[in-house]
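An overview of the molecular structure
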Amino acid sequence: MNTGSTNLGIASLGLKLPSRYLDVRDLAALRGVDPDKFTKGLGCHEIALCGEGESVVTLAAGAAKRALARWGGSPRDLGLLVVGTETAQDMSRPLSAFVADELGLRGAIRSYETKHACYGGTVALRQALEWKASGASRGKAALVIASDVALYAPKDPGEPTQGAAAVAFVVDDASVAAVDLESFAWAEPAFDFWRPVGESFPRVDGPLSLECYEKATTECFRQLADGKPLDEVLAAFSAVCFHVPFPKMVKKAVMKLGEANGWSEGVTSALFESKVMPAMDWNRHTGNSYTAALWTGVAKVLAGAEQGARFAAFSYGSGFGSELLTLTAGPKAKEGAWKADVAQDLASRTRIDAETYLAYRGA
Ligand code: CAA
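Residues numbered from 1 in each chain as written. Predicted model: local features only at pLDDT ≥ 70, side-chain atom pairs only at ≥ 80, totals over all residues. Heavy atoms only, no water.

**Considering the site of the ligand**
Taken together, 27 residues are adjacent to the ligand, and K37, E86, C118, H243 and K252 come closest. Interatomic distance of 2.9 Å between a side-chain N/O atom of D34 and a nitrogen atom of the ligand. Between the ligand and the protein, one listed contact pairs an oxygen atom with a side-chain N or O atom of N288 at 3.2 Å. When isolated, the ligand has an accessible area of 1,100 Å², and the protein chains bury 69% of it. Every element with two or more residues in the shell around the ligand is listed here: α2 (35–41), α6 (206–225), α8 (247–260) and β13 (310–317). Broken down by class, the residue content of the shell around the ligand amounts to twelve nonpolar, nine polar and six charged. Looking at which domains feed residues into the shell around the ligand, each of domain 1 (9–176 + 338–346) and domain 2 (184–329) gives three or more. (Near = heavy atom within 4 Å. Polar contact = N/O pair within 3.5 Å; in protein donor to acceptor, adjacent residues only side chain to side chain. Areas by Shrake-Rupley, 256 points an atom, 1.4 Å probe, with all protein chains shown as cover. Helix = DSSP H or I, 4+ residues; strand = E, 2+ residues; numbered from the N terminus. Nonpolar A, V, L, I, M, F, W, Y, C, P; charged D, E, K, R; others polar. Domains from an automatic or database assignment.)

Right under this line is the structure:
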């Protein structure tokens, strides 16, 4: 397989989690639901929630500051700022302008927002990578951020899947990870999850969103396999990361992938346990963070990886668009400095009770 390898990719990484969280068992008690439905039925555990003064902007800027501090370059070395989000602050002004304000970034830089539901962060990363590969960057680096605050209407069945987080990358050399230029996309127009202009919360056709997500998975991995047995192709990857709306949805898609490839249930379950589950560790603490959900998982498995270890990253955004990327750990992966971001944020955040959650949501 031609992987389109280059020495381009992620030069630095930073994450930011919000300062509060709700345990889904407390939400279950509040809504009069059996907690096992949320923990076992959906695989959800904690919902990360913004505190006073926190927003999609402060999360994005927080992740970016950490990525930039680790990079060592100066803001003058940046030629592109792209923020992928579905928590837009304005119909016209890009989230990147709000973030640039926080970071004090201005000057000879292209700055914009990308939107395609949860796929928006991946699109931002791809554009930065392709901008670097095209020569248009004139040697400059890109700052790419995926940031979201995922909230459903109070009492919506999707409420236990809520969450928030931001992941930022400096896209330049491949010191954290090389990202292959070749990738495998699949898109089909669908109304599986959408948020009409002027509405605060998404509308979801749950069964359709699962169907679309499963189809996207099957089609993207079929392209990766390129006619070879998929299990043999996946054997080369240390981890297979997925966009995580909630962990059960990922498990269903992996089981479907197994069915489509004629694997026994045991083989599929073993793949899920060994290569997919470990990537969802940090997602258990964030809940669904839309654009940041996949990249939280990628950050998790890259941290501590041996140089040369290979990873697959499946991105999905309702509407729907999807893309499967492949990455190779670089020399800075082993140290995994960004683990400190998650450790610090988890150690300092506050568990809120149901009453505080009710006051926050207003219902
Ligand atoms: N103990 C254990 N398990 C239980 C249980 C109990 N007491 N009660 C129920 N369950 C299980 C059910 O059996 C079911 O499991 P299976 O699916 O394996 O059968 C599971 O819990 C959920 O139960 P329901 O289907 O009855 O739940 P629901 O009708 O309340 O729906 C939901 C909940 C599945 C989260 C639904 O709201 C939904 O599909 N939400 C949206 C999904 C989604 O996020 N889609 C977007 C995908 S992509 C994305 O992230 C968006 C993007 O691009 C922006």
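Alright, that's what it looks like, and here's the rest.
**Digging into the domain arrangement of the protein chain**
What the domain assignment lists for the protein chain is domain 1 (9–176 + 338–346) and domain 2 (184–329). Counting residues at the interface gives 50 residues for domain 1, matched by 40 residues for domain 2. Summed over both partners, the interface of domain 1 with domain 2 buries about 3,500 Å², with 65% contributed by carbon and sulfur atoms. At the junction of domain 1 and domain 2, the tally comes to one salt bridge. Between E323 and R126 there is a salt bridge; the shortest N-O distance is 3.5 Å. At the junction of domain 1 and domain 2, the tally comes to 20 residue pairs in polar contact (both at pLDDT 80 or more). Elements with a minimum of two residues in the side of domain 1 that touches domain 2: β1 (8–16), α2, β3 (46–49), α5 (120–134), β6 (141–150), β7 (163–173) and α12 (339–348). No other element matches the six residues that β7 contributes to the side of domain 1 that touches domain 2. (Contact = heavy atoms within 4.5 Å. Buried area = accessible area lost by both parts, 1.4 Å probe. Salt bridge = Lys/Arg side-chain N within 4 Å of Asp/Glu carboxyl O.)

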